[in-house]
Each structure stands twice: as C-alpha cells, then as structure tokens.
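Residue-level structure breakdown
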Protein chains: 2
Amino acid sequence: MPTTRRIVDLLRHGQPDESVTIKGWVRTKREQKEFSFVEVNDGSSLAGLQVVVNQEVPGYAETIKRINTGASVEISGTLVESPAKGQRVELKAASIAVYGEADPETYPLQKKRHSFEFLRDIGHLRSRTNTLSAVFRVRNAASTAIHQFFQERGFLWVHTPIISASDCEGAGEMFTVTGFDLKKVPLTAEQGVDFSKDFFGKHAYLTVSGQLEAEIMAMAFSNVYTFGPTFRAENSNTSRHLAEFWMVEPEMAFCDLEGDMDLAEAFLKYIFKYVLETCPEDMEFFNQRIDNSVLATADNIINNEFARVTYTEAIALLEKASKTFEYPVEWGLDLQSEHERYLAEEHFKKPTIVTDYPAKIKAFYMRLNDDENTVRAMDILAPKIGEIIGGSQREERLDVLERRIQAQGLDLAEYWWYLDLRRYGTVPHAGFGLGFERLVQFLTGMSNIRDVIPFPRAPLDVEF
Amino acid sequence: MPTTRRIVDLLRHGQPDESVTIKGWVRTKREQKEFSFVEVNDGSSLAGLQVVVNQEVPGYAETIKRINTGASVEISGTLVESPAKGQRVELKAASIAVYGEADPETYPLQKKRHSFEFLRDIGHLRSRTNTLSAVFRVRNAASTAIHQFFQERGFLWVHTPIISASDCEGAGEMFTVTGFDLKKVPLTAEQGVDFSKDFFGKHAYLTVSGQLEAEIMAMAFSNVYTFGPTFRAENSNTSRHLAEFWMVEPEMAFCDLEGDMDLAEAFLKYIFKYVLETCPEDMEFFNQRIDNSVLATADNIINNEFARVTYTEAIALLEKASKTFEYPVEWGLDLQSEHERYLAEEHFKKPTIVTDYPAKIKAFYMRLNDDENTVRAMDILAPKIGEIIGGSQREERLDVLERRIQAQGLDLAEYWWYLDLRRYGTVPHAGFGLGFERLVQFLTGMSNIRDVIPFPRAPLDVEF
C-alpha cells in the first residue's frame, strides 16, 4: 500500500505518476454519468485535493452514493496532471474505502454558505469549514512564530499559575475558583465566607495576568515569556470580549521602555512575516473573502517603522485634529477607541506607539517618570484594531513602588513577595502583554473574537 | 560600550581579549587583599561567569562592599583565559555598576544549602538557586521539544478550553468556576443551586482534560495536540499530585493503537534527546546532585525499543513473579504502582507499554475489542516513575459508544456533540495524554512534583 500523504504536501510537491493514499473528508462531490469529481480535505490546507473517480473503481456505484459531503474516506490512486485551473495535480482513484458516512438530510454543513453565528452553534463541526479551518491554521502558525521568536532570543517559556490568590492590577472582575459545594458555603462568625475552609485556604481566582509571576522569573532568568490562558468575569457580551483568552507576556530584566518597544515591534513584524510565509493560501483567502485590507495591513506592519509619540504629544495632535470626537480630548483622560484609531489610521497611517501616560490612569507597577505625573507605559495602536499591545517599564525602586501601591488603596502586605523583588537585587525591567485573539483577528480580519478561538467562553456560553 | 552578552554564550564561545558587558546577579564573592572573585549568573546557564575585580576598577572598595550574594550588577571588561579548572574564560572587570543590593542580613539565599521545603516557602526567590534554575531550563527545553516534535509532523496546536461544562471522564474531582458572590448563592425552588443565574448559565468547572475537544479538532485537521493547564480538586497532599498541572494531549485521526504507541515512543525519545543536547550541563548536574541514574535513564529511553505487552500477559507475568505484592494481582483489577514498577524496573528493565485493559476499569471512550471485555487502551510505564503516558484508540462506532456511555451511568444528552463526531464522517482515531510535570520529574530526577512547576498549586497552597 502506498504511504498516506498529507494533502498540503501533494498540492505543493506532488508529481504526476506518484502512487499515493490520502485520508480525509469529502467536501464536495459532482456526479457525472461516467465518472465523478470528489474534493477531499484533510485539514492540512485550505484547498482539498480533487479526486477523479470512475467506474473502474471497485464498487463504484455504491461507493459514490455513500460519499456525500462530510463522509470520511481513504483513497488510493495515482497523481495526474490537472487540467483544471489553480491546481497542479489531481488524484485518479484506484480504490476507495469509506470510514464513515454523513447523512445529507441531517449533516448541518451542506455546500451553501453559513453565517458565523450559525457556525458558533455547531462549534464541534465548524472547524470543517473553509474560513474556520483557515483561522485555526493561522492561529497555530502565529503560536509557533511566538515560541520561535522568543526561543531564538534565549527567552524561557515560563508557566505562570492559572489559579491565583492575587489580583495583578487591583482591578478587573475575576472568577472565583472553589472546591465548596455552593449549596453549603461555610460562613465566619461575621457572616463572611470562610475561605479558610476552602481547598486553597483562601479566596482563589482565575488569573487575569501572569505578569507579576513573570517578573519573579525574569529576576532569575533575565528574559522570560508566558503564553497561556487568562480570564475576565466581565459581563460584556460583545464581539471584542472573551471570558477566557490567551495572552503572551514577555518580561525582560535590564531593560527599559525603549528596549521594550523595540522588542514589541520586532515581535509583531516577525509574527506577520512568519504567517505570510507559512500560510500564504489562508492569508490570500482572508484577503479575498473576509477583509480586503488584510494583506496590505500585513505589508504595512512588516515594512514600516512604527510611529512613536508621547501621550502628551498625542493629546496635542488630537486637539489640533479637524475632526469632532464623541468623547472629550483632555490631558489626564484615557484615550478612547476613536482617538486611538484617529492616531493610527488617519494621522500616522501605521502602527503607533503611545508612551508616558498619566500615572493616574495606569497600574501601580509602571515606572514613575521624574515629572511625577506620567509613567513609562506604552500602548501599541494598530489601524482598525486599536490597542494590540500594552506594556511598561516596571517600577524597580522599592520606596516609589510602596508609595504607589498605597496610593491606589491596595494592601502592601498582599504584595510582600512582589516587593521582595525590589528589596533583593532589583533591576530596571520591562515587559508587555499581547492579547493573542486580538492578534489573530488582526492577522485574519475576522470581526468577531469568538471566531478566532476554537471554543469561546462568554456570558451564558460554555458549550463544547 | 560593548554589547551585553548572555553568560551562556560567553562560557561556550567567548574568546580571550573580547570586550564584553554582562548583566546579572552575584552568586558568590571571595574577597582577597588585592582583588576579589565574583561569580555572576544571569540565568542563561547553570554556571556563572567568574569575574576578577581588582583595585583598578573605579570605586573598588565601596563597590566590593555592596556586591553581596543576590546583588544585581552590570560589569564591563575583557575576557581572559581562565587558569581555573572547568571554565575556559573569565572576565577581568574594568567597571562595575550596582543596580540593586541584597542585604546579607536578610536575603534568604545565602551560600549554604537550603532544603527544597524551605525553598517552596520563598517561591519568589527559589529560581535563583542552582537546582531550581536548572529545573526550569530543562522544563523550557522539554516544552520546546514538544512543540517542535509536533510541528515538524504537521500537527496543529489547538487551545482547548480551561472553563468547561463537561467532565471528560465522568470521574475526578473538579473545581467550580463561578461569578457568584459566595455569600449569596441563588437557590432554585428545590433548594438546589440556581446555576442558570451564574455567569455561564450552568455549572462550570476547570477542565480535567482537553481530549474531547481535541477529538473535535482532529476530525477537521487530522492531527492536533493540546499543551495547556488541567486541574484536579483532589485533596491529596502528596509529592506526586498537583491541583494545577500541564498536560500534552495529541489526537490523530485515521490512527489505531499501534500508531498511537509508535508516536508516543518516538515522542519520548525525541524529548529526552533534545533536552540532553540543549541542557547538557543541567542534566549532568542532576545526575551528580539529585539522582545518579538520570543520565542512564535518558540513555535507556533513547536507545531501547519499549517493551509491549497486553494487560492479560502482564497479569500472567505478575502471577509468575517470585515477589510478594501488597495488592492482589487478579485479572480485572487495576495495576497498582508496585505492579507497574515490577514490570518496567525488574521484568523488562525499560519503558513498558501495557495494552488492552479490562473495559470495566477504563473510560467509556476507549475502543472496545471484539472480545467485548477489553479496550484498546495503553499505558506507558517508566522505570521509577510509573505511568507517564496513558492513551487509547477511541471508540469510533456510534452504537457501541452510546452503549458504553449508558453503561457507565452517564447521560447521553450531555454528549450530543461528542456523538455527532461519530454520526458525521467518523474515523478510527487515537491519542494519549502526558502529564508534563511527571515528565520533568522523569528527566531531572526531582522527587517532589512541587519542585518542577514554578508556582505549585495544592491543598492550602496558592501563594505567589
């Protein structure tokens, strides 16, 4: 029996006269009198392999009846040059085995186009469609690019905890993780929940960020990154929010905000390049079918130096803009989506890094500038997407950090270990966070974030 | 200013007369009258770089007082050939900047040896020790090997959900994830918890396995793998259990148990080889200081074909053994740790794959053999470690699967989407699960599982 080959390999490297076996699922079938065309897909590429099945195939009539869209098959035969446009080879079948049928009366994925909303209801089948399968191949390629980028530079992948007793930012709704039977939650004498009786002995949450733990690891290994799931219990049922999403968070010791921005820019360029090189057909598909600016955006990211501007300069630019904004532009207020888009899309027309935000609107761990009013934060704003990366140089001075924690009404005692990092061998350090699903949206042009993660988690949404 | 170099690069490739800058933390200092030796480590390797600091360095007397164990420094100078054994070069310092001191009166990591138990209490500092830093470099290398192994073979990394409403195995204690304020959990008229009012609208848990979702993805992409956190709420305070741990779960369409075992064996060999090649100093260290069988074990894994034996044959071997076991040996009972160790350590003296276990003691999704008594399961038993991988060919026949689900008292309706995978284009498929921390223990010889994950989670243990 000839070896089983992946369809992507046959489409790219297959030679006429090669004997091959493929295994996959039928996407389409066109029956003609003397023979039929069957397109088979095994998930390795967007395009399937066209198979010509004629009456010499044993059991032709019965087999062709069974192989409807969705059926699983093993087909052996010989590659021949394809007369059709857009494919080098097709497969002349010599034998077909059917593993499993798919009843055309009930199988939900018939040839017609389905809305993404409908496909979310059949999350167990939607990866078998062109668009979703292209998304998840791009997602895999981007993941691989991320690991490669950091490993090539000597960064260690560190697994920061999912279950956590600390709240990284002193903000953000968090899910509770508990071993309690919720029917009988033990209470204290004061009628509070007695978490000392819970599995972990204290109130435990799902993490909102691995940053603080990544800082621990950076103080031992210099350069590290996390790449894992994080959570928000915010009840926002939008196309931009998930309750469970993946984040990438590098952290570098002996690094300032300049180094942080340089790394972030190199990082984004690397991912876009890698995905274009490894998934050219999928990216072409997104450009044709989903958003016709996808390839131009990739080109823009790869070939332009990102603009860099301080928050104070950005406010001045917005004030001078001949555009009316819905939200007020005023030093001290956070930038709104419309402001971010104006800067990246209309003013600079490329990714734009805004730095040195007012201390009051940013987290306690960001390094205070000498003006005592701004912090060494940076946000990367992407055209169409808005904020894609947020980072900062961290406050490495023990006394300043203590002051900032207290100023935000947080309890110093809770941060004992974080403060120890400044007590013993503190160094300037910096890092950033990338929302991985936002990145996949950015790459593919997909408009709903629930369509770029295999099994989205959102309010009232936990099926599959 | 000369470029900053990683210490691992200098130790491996540094040449005498090169001007370099290093940044890192002081591990030891030996003061002499005219000059001092300082060992600096930046986490890139087990060994630090020896630095010779003499009185020509500006501010010598004051600086040398400040750079105690744990202090962070930047040192520029010239590499010179080292007269000391075991290192090619050392650094003759020209200038030293101290970023942060570490008070020798309070810094917990002084030169003496600390117990692993003590180090767990200072989880924010323990990665700065030789053993833990070596563990986490090996952990990173093993992670990289895992991604490389699968990506080279065309497997897609799929992110299966952490928050889940289904229980993969119909067994195992699970953590509840909730948005409820636990002081006021809403109840139904029947005094049950009203989960319809919770964030997800139903009782949500932390996943125990990504397998079922990985099967979904394998039915679209043929070959996929997960690599992410999984959870158990078992109250076992042992050196072998964690509440949160990382799992690797490949799933292959068009694959039977033979293919599954072949992949698992190639996978383990690949990881061991990769780690030996990329972390030779760390592995040598484990062999010398932690467990003197570490290198022999790696050699055993890499160079031996794994033994393969059916459960029924294994029972016969155990019955014939001239050894008294604590637990009974009887067809139908699960193998205990002592039995597994006898097989792998004493009988076969190498990793041993046991297949075709009694259906009654295995999960519903494993493929039933024609004898109707056993299933196509396989466990890989490693000398000293016991079970390191568990896998199976999955039941792809709809009718048999339905029967098995019901036989285990589970609700068919809950498995509607899992059953759909057999309804539409079902194929033979197989996969396995590897407990990643067990693997890191296996690689390093570390005896407590809490010392191979950066921030262990266990009963009453959720600090950092």
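In every chain, residue numbers begin from 1 and rise along the written sequence. Numbering of ligands from 1 and lettering of chains from A proceed in the order in which they are written. For this predicted model, a pLDDT threshold of at least 70 governs which residues receive local features, and a threshold of 80 or more governs which side-chain atom pairs are given and counted, while totals over whole chains, interfaces and linings are taken from all residues. The basis for every side-chain value is the complete set of non-hydrogen atoms in the structure, without hydrogens or water.

**Focus: unusual backbone geometry**
Residues and elements named next belong to chain B. The phi dihedral of Asp17 falls on the positive side, at around 85°, and the residue is not glycine. The helix and strand labels rest on DSSP assignments: H or I over at least four residues marks a helix, E over at least two residues marks a strand, and numbering proceeds from the N terminus. As for its position among the elements, Asp17 is in the loop between helix H1 (7–13) and strand E1 (19–31). Here the phi dihedral of Gln191 falls at roughly 70°; this positive angle occurs in a residue that is not glycine.

**Overview of the packing of aromatic side chains**
Each aromatic ring pair is described using two quantities: the centre-to-centre distance and the angle formed by the ring planes. Only Phe, Tyr and Trp rings take part, Trp by its six-membered ring, and two of them pair if their centres are within 6.5 Å. Stacked means planes under 30 degrees apart, edge-to-face means over 60, and tilted covers everything else. Scanning the model with the defined rule gives 61 aromatic pairs over all chains in all. Between Phe150 of chain A and Phe155 of chain A the ring centres are 5.1 Å apart and the planes differ by 45°, which places this aromatic pair in the tilted class. The pair Phe150 of chain A / Phe155 of chain A is uniform in exposure class, with both members buried. Taking the centre distance of 5.3 Å and the plane angle of 75° together, the rings of Phe227 of chain A and Trp157 of chain B count as edge-to-face. Highlighted residues: Phe227 of chain A in strand E10 (residues 223–231) and Trp157 of chain B in strand E6 (residues 156–157), drawn from two different chains. The rule is simple: take the accessible area with a 1.4 Å probe, protein chains only, and divide by the maximum for that residue type; under 20% is buried, over 50% is exposed, in between is partly exposed.

**Regarding the interface of chain B and chain A**
Counting residues at the interface gives 103 residues for chain B, matched by 104 residues for chain A. In total, chain B and chain A occlude about 8,600 Å² of area from one another, counting both sides; carbon and sulfur atoms represent 68% of this. A simple way to read buried area is as the amount of 1.4 Å-probe accessible surface that goes missing from two parts once joined, with both sides added. Contact with chain A buries surface across chain B, with His159, Phe199 and Tyr424 of chain B losing the most and accounting together for 10% of the total. A carboxyl oxygen of Asp or Glu within 4 Å of a side-chain nitrogen of Lys or Arg is what we treat as a salt bridge. Taken together, the links from chain B to chain A amount to two salt bridges. Among the ionic pairs, Lys202 of chain A bridges to Glu463 of chain B, the shortest N-O distance being 3.4 Å. Contacts described as polar in this section are N or O atom pairs within 3.5 Å, which, within protein, must combine one atom able to donate a hydrogen with one able to accept it, while residues neighboring in sequence count only if both atoms come from side chains. Linking chain B with chain A are 43 residue pairs in polar contact (both at pLDDT 80 or more). When residues of the side of chain B that touches chain A are assigned to their parent elements, the largest contribution, nine residues, is made by helix H4 (residues 130–152) of chain B. Ten residues, namely Ala, Val, Leu, Ile, Met, Phe, Trp, Tyr, Cys and Pro, are considered nonpolar, four, namely Asp, Glu, Lys and Arg, are considered charged, and the remaining ones, Gly among them, are considered polar. In terms of residue class, the side of chain B that touches chain A is built from 53 nonpolar, 29 polar and 21 charged. Sheet topology note: the strand E8 (residues 176–178) of chain A/strand E8 (residues 176–178) of chain B ladder contains three bridges and is antiparallel. Looking at E8 of chain B, one finds that Thr178 of chain A is bridged to Thr176 of chain B. Note on definitions: a residue-residue contact is assigned when non-hydrogen atoms from the two residues lie within 4.5 Å. At least two bridges found by DSSP between two strands is the condition for calling them paired.

**A short note on the relation of the copies chain B and chain A**
Here chain B sits on chain A after a turn of 180° about the axis and a move of 0.0 Å along it, with an RMSD of 0.0 Å. The superposition operator between the copies reduces to a two-fold rotation axis. The C-alpha atom lying nearest the rotation axis in chain B is that of Val177 of chain B; the distance is 2.4 Å. When the interface residues of chain B are mapped onto chain A, 100% of them again fall at the interface, so both copies present the same face. Least squares is used to superpose the copies, and the fit set is the C-alpha atoms of residues whose pLDDT is at least 70 in both copies.

**As for the domain arrangement of chain A**
Residue and element names in this part refer to chain A. As assigned here, chain A comprises domain 1 (3–100) and domain 2 (127–173 + 208–451). Delimitation of the domains relies on an automatic or database domain assignment. Relative placement of domain 1 and domain 2: their C-alpha centres are 45 Å apart. Across the boundary between the two partners, domain 1 contributes six residues, which contact 11 residues of domain 2. Summed over both partners, the interface of domain 1 with domain 2 comes to about 650 Å²; 39% of that surface belongs to carbon and sulfur atoms. Of all residues in domain 1, the largest losses of buried area upon contact with domain 2 belong to Arg12, Arg27 and Leu46, amounting jointly to 77% of the total for that side. For the interface between domain 1 and domain 2, the tally reads one salt bridge. The salt bridge involving Glu281 is made with Arg12; its shortest N-O contact spans 3.2 Å. Inspection of the region where domain 1 meets domain 2 yields four residue pairs in polar contact (both at pLDDT 80 or more). Tallied by class, the residues present in the side of domain 1 that touches domain 2 amount to one nonpolar, three polar and two charged.

**Some remarks on the side chain of Asn300 of chain B**
All names here are of chain B. Assignment of secondary structure puts Asn300 in helix H8 (residues 294–303). According to the relative accessible area criterion, Asn300 is buried, its value standing at 18%. In this view, Asn300 contacts Lys349, Lys350 and Pro351; residues no more than four positions away in its chain are not counted.

**Overview of the sheet that holds E8 of chain A**
Read across the open sheet, the six strands follow the order E7(A)-E9(A)-E8(A)-E8(B)-E9(B)-E7(B); overall the sheet is antiparallel. Every other strand in the sheet has two partners, leaving strand E7 (163–164) of chain A together with strand E7 (163–164) of chain B as the edge strands with one partner each. Judged from the two bridges that link them, E8 of chain A and strand E9 (residues 204–206) of chain A form a sheet pairing that is antiparallel. Note on E9 of chain A: the bridge partner recorded for Val177 of chain A is Ala204 of chain A.

**Section: the pairing of strand E3 (residues 49–54) of chain B**
Residue and element names in this part refer to chain B. With six of six residues buried, E3 lies mostly within the body of the structure. Where strand E2 (residues 35–41) lies against E3, six bridges are found, and the strand directions are antiparallel. Residue pairing for E3: Phe37 is matched across the bridge by Val52. Sheet topology places E3 next to strand E5 (residues 89–100); two bridges connect them, and they run parallel. Paired with Val51 across the bridge in E5 is Leu91.

**Regarding the side chain of Thr63 of chain B**
All names here are of chain B. Along the chain, Thr63 falls in helix H2 (residues 60–66). A relative accessible area of 9% means that Thr63 is categorised as buried. Those residues in contact with Thr63 that sit more than four places away from it in its chain are Pro58, Ile96 and Val98.

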